[in-house]
Amino acid sequence: MELKLSDEQRAFRDEVRTFFKENVPDDIRKTMVESGHPTKEQFQRWTKILAYKGWGAPHWPEEHGGTGWGPVEQYIFLEELQAYPAPAPLPFGVNMVGPVIYTFGNEEQKQTYLPRILDLTDWWCQGFSEPGAGSDLASLKTRAVKEGDHYIVNGQKTWTTLAQHADWIFCLVRTDPDADKPQKGISFLLIDMKSEGITVRPIQTVDGGVEVNEVFFDDVKVPVENLVGEENKGWDYAKFLLGNERTNIARIGMSKHAAKRIRELAGIELAGGKPLIEDRRFAEKLAMLEIDLKSLEITQMRVVADDAKNPNAKTPNPASSILKIKGSEIQQRCTELLMEVMGPYAAPRQHDDYLGHNEPPIGPDYAAHAAPGYFNYRKVSIYGGSNEIQKNIIAKAVLGF
Amino acid sequence: MDFDLTEEQSMLKDSLDRLLSDNYGFEDREKIRKAEPGWSRDVWAQLAELGLLMLPFAEEDGGFGGGPEDVMLAMESLGGALSLEPFLATVVLAGGALREAGSDEQRGELVPQIVGGELVMALAHGERGARYTLSHVETTAKKDGDSYVLNGEKSIVLHGADAHKLIVSARTSDDAADEDGISLFLVDADADGISRRGYRLQDDRPAAEITLSDVRVPDSARLGAEGQGYGVLAKVHDQAIAALAAEAVGLLTRILATTTQYLKDRKQFGVPIAKFQVLQHDSVDIFVALEQIRSIAMYATSEADNEDAEIRSRAASAAKVMLGQDGRKAAETAIQLHGGVGVTMEYAISHYFKRMTVNDMLFGNADHHLKRIAETGSLLES
Ligand SMILES: Cc1cc2nc3c(=O)[nH]c(=O)nc-3n(C[C@H](O)[C@H](O)[C@H](O)COP(=O)(O)OP(=O)(O)OC[C@H]3O[C@@H](n4cnc5c(N)ncnc54)[C@H](O)[C@@H]3O)c2cc1C
């Protein structure tokens, strides 16, 4: 047993660390520290830098423009990236549709789409959820009917993250409403957001931001060559997509950065004339958070090490199932504790969006995003398979109930 | 032992609930919160007409002669409607200071105007350096002939931008965090030397930063004895906390009703999600929080007029701890049970969650009050 990184791994860590220090633009780091919501332009600028270095898609195979890194290197990269902090590559392209395309798509699709994902020439969004199909994704209703060399798509997607910026949307659509199981009649379609008949309506989130949207499809014509893989096999690709991401789901680096910031700001804020960090109860709460985070980090590393040893294992390490639950809880506690640091100054609303404005702050200048961050992060235990759904899965798959 | 409202109180509560359901539904409130001043002068006038604003004021001043219990019933209903009206600011906070420390003349002049709904007031007490230390006042009031000259900055003043009159705490002697030496002053909000910057809190309630530079007020504007303001502030804040506890009962009642209804309506996997037992249990946790907070709100309310400051304060602190812990946890649970719908502004539930969150930040958060209780011995002996 050796919990520490090897010399080689440490050298790799130093290399990526140095790269971030030298290459993450200051304004982007600042946005990440303050709100964690980079603008479209910042995403694009940063992704170009990563892509130029060849790090646009850490976990892709080299033949498609990936790094060829193993699970440990991928993990170190993402953890360092989050801890810096810098934006992670936009997941919808790099983590979601990209791997589906290089695993199930045809040659032409690979050549058309993959390079444009790497440097964010194409901004992708994920069109899975619908008003009636959240946790029960297989009940989705958006319909695609083949007419000649096109599908005609009608229906609605919702909660589509950053669809307002998107060039493309990958959708699960129903192509066979009569299949004997709902999972069987679903296909995976790539749809140009500029197509006629698509309307995007922003949904304002609890923190005041615009991050999710409704996307309406009204007789949208989609060329048949935009079907990925086989018709009616979309559910398998979706399962592959959703199960694809184990190296980063706990977002350890992000929580480490948050814990560090909490400690730093609690050293500045005064409570009863003394730095808040000297308050026994506060210090203990932060310590408890760090204990949970430390053990989750080791859990994450166990999973990563396992993946590295058994790259073709059919069943994942059972410990991997807790990463999403515990990771999201810890992220939420970070936002909560950061909000507590601000005391009353988390209360004034200083931003109605992520753009910022020029009025002087009310209270300390680092307080503005604390409550919005806490509000916004209620989402992390809801999306990507809610924590209740995660527990259902563990109860069944791991505990055998 | 009797936990029920009197017949008169029940009737008032019914009328209030009707008024609010007619005028303060989610859509109405959306309009109100998105416009200036962020509350409704029309509803405020109706609340005045109903007699709500007179409740805790003495009959001889033109009030109803009620007490904390009447404030409790008002706050519970106002909380249920997520009211943005200046009831807490005007009637509980500034009104409380006026009741406690106002001279016959001051009360005689101002109470009828409050009761009539014409006068909105705010308590300008909080300061940037105070965090939750109630005695932290750096604003100064210097005696100059037969007037005082006020200088300083007041922060997160609820309804401070639209109040007509302010009650300002300022130091006439001693040092920043001392309990002695704080005095209270009645100040016209548009007096020379006052500048105000209005904004909204995270849950849309209006607040303001207020700067006082060489604001001159006559001796007769002093509220209560010079240097004796702290006791008044302490009592008023305990009463405000009891009021927030009652508000939380209103919030949680709606949170629970909205959530259980949502679980019954929302279908996934071919069944209402209310069928999933884990969600039933989570809902029961909200119910438990509601009933526990109802009880602690009654406790804080019943002690809110206690002349023994120690007993009164500890009851308020106990309530505030529960609001910040159990109340907030219950609101978080409600969001989780709503799924994606819970994290949008388009459904009421997120607004309840935000109110509950912001209430923890006002008048001392849960940790602050927990410490206060822990440091002063057993709660069960008082
Ligand atoms: C900020 C945000 C961004 C998102 N981005 C995207 C995106 O880009 N693309 C996309 O396709 N989707 C996206 N989603 C949608 C997300 O995946 C869904 O919100 C999620 O699947 C939950 O579905 P729902 O919101 O319909 O909640 P519901 O499924 O209605 O769930 C409501 C509650 O019931 C619980 N529940 C449901 N079923 C069970 C069960 N069987 N047992 C126990 N409890 C259960 C849930 O855990 C939850 O607490 C996003 C969501 C959010 C909040």
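Residues numbered from 1 in each chain as written. Chains lettered and ligands numbered in written order. Predicted model: local features only at pLDDT ≥ 70, side-chain atom pairs only at ≥ 80, totals over all residues. Heavy atoms only, no water.

Under the UniProt annotation, "domain: Acyl-CoA dehydrogenase/oxidase N-terminal" (unreviewed entry) lies at residues 6-119 of chain A. In the segment residues 6-119 of chain A, helix accounts for 69% and strand for 0%; the C-alpha atoms at its two ends are 31 Å apart. (UniProt positions renumbered as here; feature names shortened; annotations may be inferred. Helix = DSSP H or I, 4+ residues; strand = E, 2+ residues; numbered from the N terminus.)

All names here are of chain B. Here strand β3 (residues 147-158) pairs with strand β7 (residues 206-218) via nine bridges, running antiparallel. Among the inter-strand pairings, Tyr 148 is bridged to a residue of β7, identified as Val 217. Here strand β6 (residues 194-200) pairs with β7 via seven bridges, running antiparallel. Counterpart to Tyr 199 in the pairing with β7 is Ala 207. Counted between consecutive antiparallel strands, the loop separating β6 from β7 contains five residues, among which Asp 204 sits at a positive phi close to 85 degrees. (Pairing = 2+ DSSP bridges.)

Quick look at the pattern of salt bridges now. Summed over the entire model, instances satisfying the criterion amount to 53 salt bridges over all chains. In this structure, Arg 33 of chain B and Glu 30 of chain B form a salt bridge, with 2.7 Å as the shortest nitrogen-oxygen distance. Linking Arg 33 of chain B with Glu 30 of chain B, this pair stays in helix α2 (residues 26-34), spanning three residues, or about one helical turn. Here Arg 33 of chain B and Glu 30 of chain B have matching classes, each one buried. Ionic pairing is found between Arg 328 of chain B and Asp 360 of chain B, a salt bridge with its closest N-O pair at 3.7 Å. You can see Arg 328 of chain B sitting in helix α9 (residues 309-338) and its partner Asp 360 of chain B sitting in helix α10 (residues 348-361), a full 32 residues away along the chain. The class for Arg 328 of chain B is buried, based on a relative accessible area of 4%. By sharing partners, the salt bridges in this structure join Glu 336 and Arg 378 of chain A together with Arg 328, Glu 332 and Asp 360 of chain B into a single network. (Salt bridge = Lys/Arg side-chain N within 4 Å of Asp/Glu carboxyl O. Buried < 20%, exposed > 50% of the residue type's maximum accessible area, 1.4 Å probe, protein only.)

Moving on, we come to a negative patch on the surface. Residues Asp 174, Asp 175, Asp 178, Glu 179 and Asp 180 of chain B make up a contiguous surface patch of negative charge. Locating Asp 180 of chain B in the fold gives a position in the loop between β4 (165-171) and β5 (182-188). (Patch = residues over 30% accessible without salt bridge, like charges linked within 9 Å, V, L, I, M, F, W, Y side chains within 5 Å. Areas by Shrake-Rupley, 256 points an atom, 1.4 Å probe, with all protein chains shown as cover. Lys, Arg positive; Asp, Glu negative; His and termini not counted. Charge placed at Lys NZ, Arg CZ, Asp CG, Glu CD.)

Taken residue by residue, the interface counts 43 residues in chain B and 53 residues in chain A. The junction of chain B with chain A conceals about 4000 Å² of combined surface from both sides, 52% of it contributed by carbon and sulfur atoms. Among the residues of chain B in contact with chain A, Arg 131, Gln 202 and Gln 336 of chain B are the three that bury the most area, contributing 19% of the side total. The salt bridge involving Lys 371 of chain B is made with Asp 279 of chain A; its shortest N-O contact spans 2.7 Å. Element by element, the count of residues in the side of chain B that touches chain A is highest for α10 of chain B, at six residues. The residue makeup of the side of chain B that touches chain A, split by class, is 15 nonpolar, 12 polar and 16 charged. (Contact = heavy atoms within 4.5 Å. Buried area = accessible area lost by both parts, 1.4 Å probe. Nonpolar A, V, L, I, M, F, W, Y, C, P; charged D, E, K, R; others polar.)

How big an interface is tends to be reported as the loss of accessible area on association of its parts. Residue and element names in this part refer to chain A. With domains assigned, chain A is organised as domain 1 (7-89), domain 2 (124-234) and domain 3 (246-348 + 361-399). Contact with domain 1, which involves 13 residues of that partner, is made by 18 residues of domain 3. In this assembly, domain 1 packs against domain 3 so that about 1400 Å² is buried in total across both faces, 62% of it on carbon and sulfur atoms. Among the residues of domain 1 in contact with domain 3, Pro 71, Tyr 75 and Gln 82 are the three that bury the most area, contributing 42% of the side total. In this structure, Lys 256 and Glu 79 form a salt bridge, with 2.8 Å as the shortest nitrogen-oxygen distance. Between domain 1 and domain 3 we count three residue pairs in polar contact (both at pLDDT 80 or more) in total. Those elements that place two or more of their residues in the side of domain 1 that touches domain 3 are α2 (26-34) and α4 (71-83). The dominant element in the side of domain 1 that touches domain 3, judged by the number of residues it contributes, is α4, at eight residues. Residue composition of the side of domain 1 that touches domain 3, by class: seven nonpolar, four polar and two charged. (Domains from an automatic or database assignment. Polar contact = N/O pair within 3.5 Å; in protein donor to acceptor, adjacent residues only side chain to side chain.)

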